[in-house]
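So you can see what is in the structure, the chains are spelled out below.
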Amino acid sequence: DSGVTQTPKHLITATGQRVTLRCSPRSGDLSVYWYQQSLDQGLQFLIQYYNGEERAKGNILERFSAQQFPDLHSELNLSSLELGDSALYFCASSVDAGQNYGYTFGSGTRLTVV
Amino acid sequence: QQQVKQSPQSLIVQKGGISIINCAYENTAFDYFPWYQQFPGKGPALLIAIRPDVSEKKEGRFTISFNKSAKQFSLHIMDSQPGDSATYFCAAGPQPGANNLFFGTGTRLTVIP
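Calculation notes
Residues numbered from 1 in each chain as written. Chains lettered and ligands numbered in written order. Predicted model: local features only at pLDDT ≥ 70, side-chain atom pairs only at ≥ 80, totals over all residues. Heavy atoms only, no water. Helix = DSSP H or I, 4+ residues; strand = E, 2+ residues; numbered from the N terminus. Buried < 20%, exposed > 50% of the residue type's maximum accessible area, 1.4 Å probe, protein only. Salt bridge = Lys/Arg side-chain N within 4 Å of Asp/Glu carboxyl O.

Caption draft 1: Quick peek at unusual backbone geometry. Cis rather than trans, the peptide bond between A:T7 and A:P8 has omega equal to -10 degrees. Take A:P8: it is sitting in the loop between β1 (5–7) and β2 (10–13). The omega torsion across B:S7 and B:P8 is -5 degrees, close enough to zero to call that bond cis. By secondary structure assignment, the location of B:P8 is in the loop between β1 (4–7) and β2 (10–14). At A:S80, a position not held by glycine, the phi torsion is positive, near 45 degrees. For A:S80, the location among the structural elements is in the loop between β8 (74–78) and β9 (87–94). For A:S80, a relative accessible area of 41% translates into the label partly exposed. Even without glycine at this site, B:K71 takes up a positive phi of about 55 degrees. Mapped onto the secondary structure, B:K71 falls in the loop between β7 (62–67) and β8 (72–77). On the basis of relative accessible area, B:K71 is assigned to the partly exposed category, the value being 25%.

Encoded structure:
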């Protein structure tokens, strides 16, 4: 167990729907990162939050949004889902946003859009 | 633009052999180069990492070689074992002003007995 908890582990939904993925970071970690992993694209950075504030944005679609709550857990919201959104979504956490680069990943949420 | 390029996409090695995975990066501001190991159904786990002030780092059977002038780094797995069969990702970063890493596309390593 890495200490980073992601729920649900699996999600099957229809096109056009909206889903929410949840991540609880490792105890003491203030930064949360979301990555999308697909077969041909590897790990694509979506977004980073640090202590409740957005810190960096990657290739995140406008249909996707995220937030980090006061208890530091984070949610990734995916809306108007398309078949191409099917992927593994990973959350990672780290102690801070600048000096310590070590990431700890969760086990991921496998999203299947049908 | 792919910030980190990784090769090969897949690799098959005999037990006891040496596995070598290569990566190249673009941004000279990057100063942290980790390798992650991922088993099926699991998230990537940090394996070994290097900073550009050294050219090599060894931890057990795993070695990172780093060439700053060529903007390349590689992972060597000595005496490869079937239990090493996994997908390996190189990464580089961080993005200035933030802490996110850029990952390569991964190498699926299979070690055959």
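There is more to say after this.
Caption draft 2: Quick look at the pattern of salt bridges. Using the criterion set out here, one finds five salt bridges over all chains in the structure. For A:E82, the salt bridge goes to A:R63, with nearest N and O atoms at 3.7 Å. Pair noted here: A:E82 is in the loop between β8 and β9 and A:R63 is in the loop between β6 (53–57) and β7 (64–68), with a separation of 19 residues, a long-range link. Look at A:E82 and you get partly exposed, because its relative accessible area is 44%. B:K57 is the salt-bridge partner of B:E59, the closest N and O atoms lying 3.7 Å from each other. Residue classification places B:E59 among the partly exposed residues on the basis of a relative accessible area of 37%. Taking the relative accessible area as the measure of exposure, B:K57 reaches 32% and is therefore partly exposed. If you follow the salt bridges from partner to partner, you end up with A:R63, A:E82 and A:D85 in one network.

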